[in-house]
Amino acid sequence: MHINAFDRFHFHDSFIHRLDPRIKVVVTVAFILSNAILPDGSWLAFATAWLGLLVVNDLSNLGLGYSFKRSYIILPFILVAITAIFSPLGNPLAEWDLGFVTLIPTDFGLVRFFSVLTRSWLSVQMAILLVATTQFPDLIHAFEHLRLPRVLTTIIAFLYRYLFVLTNEALRLLRAREARSAGLPGQKRGGKLIWRTKVTGSMAGQLFLRSYERSDRIYNAMLARGYTGHLRTLNPHKMTRADWLVLILSLFVILFIQFVGWVR
Amino acid sequence: MLLAPAPLHIPDGFLNLVVSLIFWAATVIMVGLATSKTNQTLGEKQVPLMGIMAAFIFAAQMLNFPVAGGTSGHFLGGALAAIVLGPWAGILVMTAVVAVQALLFQDGGLLVMGANIFNMGIITAVIGFGLYRTVIGRNKNIRLIVAGMSAWLATMAAALLTSLQLWLSSTSRLALVVPAMLGVHALIGIGEALITVAALAFIQETRPDLLDKEATASSGGRGWIVAGILVSLLAVLISPLASGNPDGLERVADDLGFLETGSSKPFEILPDYTFPVLGDTAISTIIAGVVGTFILVGLLILIGRNLRKNRKQ
């Protein structure tokens, strides 16, 4: 499997791609924070935020619909927010008798539900844009500059580096299981559920030991190459005037969104 | 492929600011402690090890097994990581996993990442390791059984905490979300427990040195036993209260002033609102019963152990 199978980075060159990763991290977090603060039902502010997203989409040469097309990822979680529709606050809109339970959707509940949904949908799009325009090692380096503990960023860097290696290892295990689980079409193959979990558990154990022993070899190889407990990067990460300008401008836009949301 | 919808990864927007920040604060404290502890006790060699273990958790989540009707069991790994690597290292590993899931795959949000790490990394480590720590001197079967139970309980506690956070943010209604989450995760937790047990059994056979008494005892002190049992008890006490009698819990939270902190007015459960299929009896009572039994067994083992120790002296 190629590394790109997971990586959400897009090899384009654009204004947003060239920005300092720190700026992108700070603006993304500020944008998500701003969405969280906006009051329920401030549709004009949500629309302004979405407009901002479209501008970033356009500036990063990914196409206007790029982040929208990938935002389906929050769909499974909508299920837990659906219960908000039946909030007892507000005026009832209808009454659905399902036999074992009577559901009463209210206007307050509907506004709450769609606000949660919109906030989540806007926030996830910004995060999608962040990783689509920033290489992951640069992202980790930005977090290091933003004073995240060194141990943590190094662990994350290793996780990223070996994610693909170990995923390949897992795929090999899965392929081996497939190959050993021959069966006739239409007939049951393999053992009972307990047997199947036992096989999967042994695979997890096997994967664990292979990873554990691999980390030993990796550490020795790193020591041999002069590892001092610190990962380096060739990217200088210097803030230019354009970076500062974008930061200030973006924060102003976010303040404006807040203004639109709170002043009616 | 890696993006199996895990209902525990809360996206941004589902928790309000106050709840997000409270759990970020708790997570920062715990991760900070874990960082300094691992810096003290482990050499720089442990850093690549933990990174690769985090990648292992990631890859192991791909190993699914068919259960029935097209659904499949998955593996979360928090309890296993805490048992094999020790609780502090387990917390760091799961923090890295949750962070990368959110950053690289948008599986879980950034502002709510504190809550996600707390649910999936810290609670699972406290329960998983804390309960396992009580039986480290025992024979293999008892240890495996307790490890499996602690993995199941850790999954349930994570689900419970997730639903409580959603409720405190007034995103979900308590009477609906708690039984639904606990019901689903009672099944997911069984898969988690079975894989944890099978993986531990395999490691026990091939590398017993990783699981021997001294190795486990040195990775986390006795405080973890207390913390593990306390958190488990708390989960067991809250879950029947939350699913059977949500009004009670809501009143407690109201008295403590929790609900005013939310950005919008909290939900008040209608007095005639009933959800007999999920809310009142069947699932919640069964869950409470199973959890209670398990805690009782754990306490008995603990008491028995201490009694025997006293007799020796």
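Residues numbered from 1 in each chain as written. Chains lettered and ligands numbered in written order. Predicted model: local features only at pLDDT ≥ 70, side-chain atom pairs only at ≥ 80, totals over all residues. Heavy atoms only, no water.

What about the overall build of chain A?
Next, step 1: Counting secondary structure elements, chain A contains 10 helices and two strands.
Next, step 2: Mapped in sequence order, the helices and strands of chain A form the string α-α-α-α-α-β-β-α-α-α-α-α.
Next, step 3: Per-residue burial over chain A gives 50% buried out of 264 residues.
Next, step 4: When the accessible surface of chain A is split by element, carbon and sulfur atoms take 65% of a total near 13,900 Å². (Helix = DSSP H or I, 4+ residues; strand = E, 2+ residues; numbered from the N terminus. Buried < 20%, exposed > 50% of the residue type's maximum accessible area, 1.4 Å probe, protein only. Areas by Shrake-Rupley, 256 points an atom, 1.4 Å probe, with all protein chains shown as cover.)

Some points on the interface of chain A and chain B
Next, step 1: Contacts between chain A and chain B engage 81 residues on the former and 76 residues on the latter.
Next, step 2: At the boundary of chain A with chain B, total buried surface from both sides reaches about 7,200 Å², with 80% on carbon and sulfur atoms.
Next, step 3: When the area that chain A buries against chain B is broken down by residue, the three leading residues are F77, L159 and F208 of chain A, summing to 10%.
Next, step 4: Across the chain A-chain B interface, the total number found is one salt bridge. (Contact = heavy atoms within 4.5 Å. Buried area = accessible area lost by both parts, 1.4 Å probe. Salt bridge = Lys/Arg side-chain N within 4 Å of Asp/Glu carboxyl O.)

Regarding the packing of aromatic side chains
Residue and element names in this part refer to chain A.
Next, step 1: In this structure the tally under the stated criterion is 12 aromatic pairs over all chains.
Next, step 2: On the numbers, 5.1 Å between centres and 70° between planes, the contact of F113 with F114 is edge-to-face.
Next, step 3: Accessibility expressed as a relative area gives 6% for F113, which makes it buried.
Next, step 4: Ring plane angle 15° and centroid distance 6.3 Å describe the contact between F158 and Y162, whose orientation is recorded as stacked. Of this pair, F158 and Y162 both sit in helix 8 (residues 150-180), four residues apart, which is roughly one turn of that helix. Like Y162, F158 is buried.
Next, step 5: Counting every residue linked through ring pairs, the aromatic cluster contains W50, F68 and W121. (Phe/Tyr/Trp six-rings, centres within 6.5 Å; stacked < 30°, edge-to-face > 60°.)

Some details on the packing of helix 1 (residues 17-41) of chain B against helix 5 (residues 113-133) of chain B
The relative placement of two packed helices comes down to the angle between their axes together with the axis-to-axis distance.
Residues and elements named next belong to chain B.
Next, step 1: Close contact between helix 1 and helix 5 brings their axes to 7 Å; oriented N to C, the two are set at 55°. By the criterion of interaxial angle, the relationship of helix 1 to helix 5 is oblique. Helix 1 and helix 5 meet at a crossing whose hand is left-handed. Residue-level inspection shows F23, W24, A26, T27 and M30 of helix 1 in contact with helix 5, the latter providing M113, G114, A115, I117, F118 and I122.
Next, step 2: Of the residues contributing to the contact of helix 1 with helix 5, the split by class is nine nonpolar, two polar and no charged. (Axes fitted to C-alpha atoms, helices over the stretch in contact; angles between N-to-C directions. Parallel < 35°, antiparallel > 145°, perpendicular 65-115°, else oblique. Left-handed = near helix turned anticlockwise from the far one by under 90°. Nonpolar A, V, L, I, M, F, W, Y, C, P; charged D, E, K, R; others polar.)

Focus: the packing of helix 8 of chain A against helix 2 (residues 46-60) of chain B
Next, step 1: Running from N to C, helix 8 of chain A and helix 2 of chain B point in directions that differ by 45°, and their axes come no closer than 6 Å. Between helix 8 of chain A and helix 2 of chain B, the angle is such that the two are oblique. The handedness of the crossing between helix 8 of chain A and helix 2 of chain B comes out as right-handed. Taken together, the residues of helix 2 of chain B that come into contact with helix 8 of chain A (itself represented by V151, T154, I155, F158, L159, Y162, L163, L166, T167 and A170 of chain A) are V47, P48, M50, G51, I52, A54, A55, F56, F58 and A59 of chain B.
Next, step 2: Looking at the contact of helix 8 of chain A with helix 2 of chain B residue by residue, the classes come out as 17 nonpolar, three polar and no charged.

Overview of the side chain of Q204 of chain B
Residue and element names in this part refer to chain B.
Next, step 1: By the secondary structure assignment, Q204 is in helix 7 (residues 174-206).
Next, step 2: Judged by relative accessible area, which is 18%, Q204 ranks as buried.
Next, step 3: Here R143 takes part through its side chain, which lies 3.4 Å from a polar atom of the side chain of Q204.
Next, step 4: Setting aside residues up to four positions removed in sequence, Q204 forms contacts with K140, R143 and L211. (Polar contact = N/O pair within 3.5 Å; in protein donor to acceptor, adjacent residues only side chain to side chain.)

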